[in-house]
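# Working through the structure, step by step
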Amino acid sequence: MDFPILDTNVYNHRLVYLDNAATTQKPRQVIDALTGYYLTLNSNIHRGAHYLAAQATERYEEVRTKVQRFVNARSSKEIVFTRGTTESINLVASSFGRAFLGPGDEVIVSGMEHHSNIVPWQLACELAGARLRVIPFSDEGVLDMEAYGSLFSPHTRMVACAHVSNTLGTVNPVREIVAIAHDHNVPVLIDGAQAVAHMPVDVQQLGCDFYCFSGHKMYAPMGVGVMYGREELLSQLPPYQGGGEMIKDVTFERTTYNELPFRFEAGTPSVGDVLGLGAAIDFMLAQGIENIGRHEDELLRYATERLLSIPGLRIFGTAPHKAGVVSFLLGEAHPYDVGTLLDKLGIAVRTGHHCTQPIMDRYGIPGTVRASFACYTTREDVDALVAALVRIAPMLM
Ligand code: PLP
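Quick summary incoming for the structure in this document. Bear in mind the structure is a predicted one, so any value in this text is a computation, not a measurement.

Cut-offs applied
- Residues numbered from 1 in each chain as written.
- Predicted model: local features only at pLDDT ≥ 70, side-chain atom pairs only at ≥ 80, totals over all residues.
- Heavy atoms only, no water.
- Helix = DSSP H or I, 4+ residues; strand = E, 2+ residues; numbered from the N terminus.
- Polar contact = N/O pair within 3.5 Å; in protein donor to acceptor, adjacent residues only side chain to side chain.
- Contact = heavy atoms within 4.5 Å.
- Buried < 20%, exposed > 50% of the residue type's maximum accessible area, 1.4 Å probe, protein only.
- 1 Å grid on protein atoms, 1.4 Å probe; cavity = no way out; pocket = protein on both sides within 12 Å on 5 of 7 lines; lining within 4 Å.
- Points joined across faces, edges and corners; volume = space filled by probe spheres on them.
- Nonpolar A, V, L, I, M, F, W, Y, C, P; charged D, E, K, R; others polar.
- Domains from an automatic or database assignment.
- Phe/Tyr/Trp six-rings, centres within 6.5 Å; stacked < 30°, edge-to-face > 60°.
- Pairing = 2+ DSSP bridges.
- Near = heavy atom within 4 Å.
- Areas by Shrake-Rupley, 256 points an atom, 1.4 Å probe, with all protein chains shown as cover.
- Sits in = over half its atoms within 2 Å of the grid points.

### Overview of the side chain of Ser75
Tracing the chain through its elements places Ser75 in the loop between helix 2 (51–70) and strand 4 (79–82). A distance of 2.9 Å separates a polar atom in the side chain of Ser75 from the backbone nitrogen of Lys77. In contact with Ser75, not counting residues within four places along its chain, are Gln68 and Glu231.

What follows is the structure in structure tokens.
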């Protein structure tokens, strides 16, 4: 494993990078794919008659097939490239909202969603005169499935839920969530931003209708993401943005639209970043996604035990099924102060509400300190975090 940035020194300390839920670092293969594109292939795709355009198009479409296999979609038509999870969810909420949401309708989201899986639905609901219903969760950070079942009504049109909570680490029972929604003939969007880099994802097995994720949280460059949409439903959605490759014919009277998936890829895509995503998938498959998950699981258990040995430290999110995310508070210290002092010791964590303000409201806290793991995280990194917390605790408590 070669992650050049991990050799960085921060204030004369070895960088201990524990902010992987925000973005992962990139292995050399991904950086090479990105620079290789600009060094040897740079060209706009799909519409060029020349050699470079044909090569770039072929490589771009190869990655689409790679992503299709990665999440086990039935067809590459179901894979739409976007800028990231946020854009993927906005695409679905906007298009689905225009086609299927009306006055009095309801969209179910969970109480532990990232703002990116709340606000797009609020916007769509506002336009349609619809409203959000929210699945509550327990103090441990487990969704209340009984309450979920009782939220359905004849007006429910969509369920949108995170596969893994970026703040609590909870791995939600996505198959069950989908099965219950489908019993009510309601489609389901899964926000997979925090899942794809940590566990194998099979959209057919999950049964979901949409699955959204970001490249930059799975060792790929920033600027690329994926929206998987089940073909039957995707083909019924109106376009999201207009222009570029999304058309078949344009006249001033009327425009007809391209077939899937191009109908949803308006304008010039971030081709180099897509090729980087392909390299990131190759990297993850070479490591073995189950191996990555096992490694992070073990670190999670180790970190949880060691962190809880620090007097006054509280962990938020203690579900039995968690991914490699630990949110905590040190006594009454403000998370920002903890993060700032950790930074001075070379330790990169995230502090604040993590774009999940409703979770903070649920616990009545301003934010947390969050340490999150990746395939390159080590026990030494966890030890460094614990040692630093022990060192700074007397200054803050
Ligand atoms: N959903 C979840 C669960 C996330 O953790 C994030 C990012 O932190 C997002 C959505 C938004 O991802 P992006 O900023 O890559 O669009």
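### Concerning unusual backbone geometry
Of note, the bond from Leu260 into Pro261 is cis; its omega dihedral lies within 30 degrees of zero at 0°. Mapped onto the elements, Pro261 comes out in the loop between strand 12 (255–257) and helix 9 (271–287). Not every positive phi belongs to a glycine, and Asn72 is a case in point at roughly 55°. With respect to the secondary-structure elements, Asn72 resides in the loop between helix 2 and strand 4. With relative accessibility at 32%, the residue Asn72 sits in the partly exposed group. The phi dihedral of Cys355 is positive, around 60°, even though this residue is not glycine. Counting through the fold element by element, Cys355 comes out in the loop between strand 16 (350–352) and helix 12 (357–363).

### Description of empty space enclosed by the protein
Applying the stated rule across the entire model yields two cavities of 30 Å³ or more. Considering only enclosed or pocket space, the largest cavity measures out at about 40 Å³ in volume. Together, Asn20, Ala21, Val164, Gln194, His198, Ala323, Gly324, Val325, Ser372 and Phe373 line the largest cavity. Class assignment of the residues belonging to the lining of the largest cavity gives a composition of five nonpolar, five polar and no charged. There are two domains that each give the lining of the largest cavity at least three residues, and those are domain 1 (4–23 + 288–392) and domain 2 (29–285). The calculated volume of the second largest cavity comes to roughly 40 Å³.

### Here we look at the packing of aromatic side chains
Applying the stated rule across the entire model yields twelve aromatic pairs. Between the aromatic rings of Phe137 and Tyr363, the centroid separation amounts to 6.1 Å while the plane-to-plane angle is 55°, which identifies the pairing as tilted. Placement of Phe137 in the loop between strand 6 (131–135) and helix 5 (145–150) and of Tyr363 in helix 12 is noted, with a sequence separation of 226 residues between them. By way of ring pairs, the aromatic residues Phe3, Tyr219, Phe283 and Tyr376 are connected into one cluster.

### Points about the side chain of Glu296
Tracing the backbone shows Glu296 in helix 10 (residues 289–308). Non-local contacts of Glu296, meaning those with residues more than four positions away in its chain, are made with Ala197, His198, Tyr219, Phe373, Ala374 and Cys375.

### Some details on the pairing of strand 10 (residues 225–229)
Taking burial as the measure, the five residues of strand 10 include five buried ones, the bulk of the element. The alternating pattern of strand 10 places Gly225, Met227 and Gly229 on one face and Val226 and Tyr228 on the opposite face, and all of these are buried. For strand 4 and strand 10, the ladder comprises four bridges, and the chain directions are antiparallel. If you follow Val80 over to strand 10, its bridge partner there is Met227.

### As for the layout of surface pockets
In this structure, the largest pocket occupies an estimated 340 Å³ of space. As for the largest pocket, its lining consists of 22 residues, of which His114, Asn166, Lys217, His354 and Cys355 are closest to the centre. Elements supplying a minimum of two residues to the lining of the largest pocket: helix 3 (85–100) and strand 16. Its residues assigned to classes, the lining of the largest pocket comprises six nonpolar, twelve polar and four charged. Summarising the domain contributions, the lining of the largest pocket has at least three residues from each of domain 1 (4–23 + 288–392) and domain 2 (29–285).

### Examining the site of the ligand
Surrounding the ligand, one finds Thr85, Thr86, His114, Ser116, Asn166, Asp191, Ala193, Gln194, Ser214, His216 and Lys217. With respect to the ligand, the side chain of Thr86 contributes an N or O atom lying 2.6 Å from an oxygen atom. Within the contact set of the ligand, an oxygen atom lies 2.7 Å away from a side-chain nitrogen or oxygen of His216. Protein contact buries 85% of the 400 Å² of open area that the ligand shows by itself. In this structure, the ligand is accommodated by the largest pocket. Classifying every residue of the shell around the ligand gives one nonpolar, eight polar and two charged.

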